[in-house]
Amino acid sequence: MEKKLLNSPQHSDENTDSVLAEMFLNNALLEFKREKIRKEIDQTLQDGNKELFLQLTEELKKIS
């Protein structure tokens, strides 16, 4: 039988670690996508491409 001390730190199980890692990676990926779209939007403004600008801003709204 495993003994547990009252004030000992509790270790996360593998499932919790996996969920946290997945959340971290999803957040990093989402932020990467946002930044990429923002840069593309800046480029469309420089190029004067209104149609692509509108498409990209809609895409950014969806993921924000």
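Small disclaimer: the values here were computed from a predicted structure and weren't measured.

Thresholds, definitions, all that
Residues numbered from 1 in each chain as written. Predicted model: local features only at pLDDT ≥ 70, side-chain atom pairs only at ≥ 80, totals over all residues. Heavy atoms only, no water. Helix = DSSP H or I, 4+ residues; strand = E, 2+ residues; numbered from the N terminus. Buried < 20%, exposed > 50% of the residue type's maximum accessible area, 1.4 Å probe, protein only. Salt bridge = Lys/Arg side-chain N within 4 Å of Asp/Glu carboxyl O. UniProt positions renumbered as here; feature names shortened; annotations may be inferred. Axes fitted to C-alpha atoms, helices over the stretch in contact; angles between N-to-C directions. Parallel < 35°, antiparallel > 145°, perpendicular 65-115°, else oblique. Left-handed = near helix turned anticlockwise from the far one by under 90°. Contact = heavy atoms within 4.5 Å. Nonpolar A, V, L, I, M, F, W, Y, C, P; charged D, E, K, R; others polar. Expected span 1.5 Å × (residues − 1).

Trainee: Please provide a residue-by-residue account of the overall build of the protein, values included.
Mentor: Helix and strand counts for the protein stand at two helices and zero strands. The burial tally for the protein puts 11% of its 64 residues in the buried class.

Trainee: Summarise the pattern of salt bridges; cite the residues concerned and give the values.
Mentor: Taken as a whole and judged by the stated rule, the model has four salt bridges. Two residues, Arg34 and Glu31, come together in a salt bridge whose shortest N-O distance is 3.1 Å. In this pair, Arg34 and Glu31 both sit in helix 1 (residues 14–47), three residues apart, roughly one turn of the helix. Of the residues examined, Arg34 reaches a relative accessible area of 15% and is grouped as buried. Measuring nitrogen to oxygen at the nearest pair gives 3.6 Å for the salt bridge that ties Arg38 to Glu35. Remark: Glu35 and Arg38 occur in helix 1; sequence separation between them is three residues, near one turn of the helix.

Trainee: Explain the UniProt feature "domain: IDEAL" (unreviewed entry) in the protein to me, and be specific about the residues and the numbers.
Mentor: In the numbering used here, UniProt assigns the feature "domain: IDEAL" (unreviewed entry) to residues 24–60. Annotated as 95% helix and 0% strand, the span residues 24–60 places its first and last C-alpha atoms 20 Å apart.

Trainee: So what about the packing of helix 1 against helix 2 (residues 50–63)? Which residues, and what values?
Mentor: Relative orientation of the contacting elements helix 1 and helix 2 amounts to 160 degrees, with a least axis distance of 9 Å. Between helix 1 and helix 2, the angle falls in the class roughly antiparallel. For the pair helix 1 and helix 2, the sense of crossing is left-handed. Note on element contacts: helix 2 touches helix 1 through Leu52, Phe53, Leu56, Thr57, Glu59, Leu60 and Ile63, opposite Leu30, Lys33, Arg34, Ile37, Arg38, Glu40, Ile41, Thr44 and Leu45. Class assignment for the residues of the contact of helix 1 with helix 2 results in nine nonpolar, two polar and five charged.

Trainee: Got a sec to walk through helix 2? Specific residues and values, please.
Mentor: Each α-helix winds once per 3.6 residues, and so residues spaced three or four apart point in a common direction. An ideal rise of 1.5 Å per residue puts 20 Å on 14 residues; helix 2 measures up with 20 Å between its terminal C-alpha atoms. Structurally, helix 2 contributes buried residues whose contacts are with helix 1.

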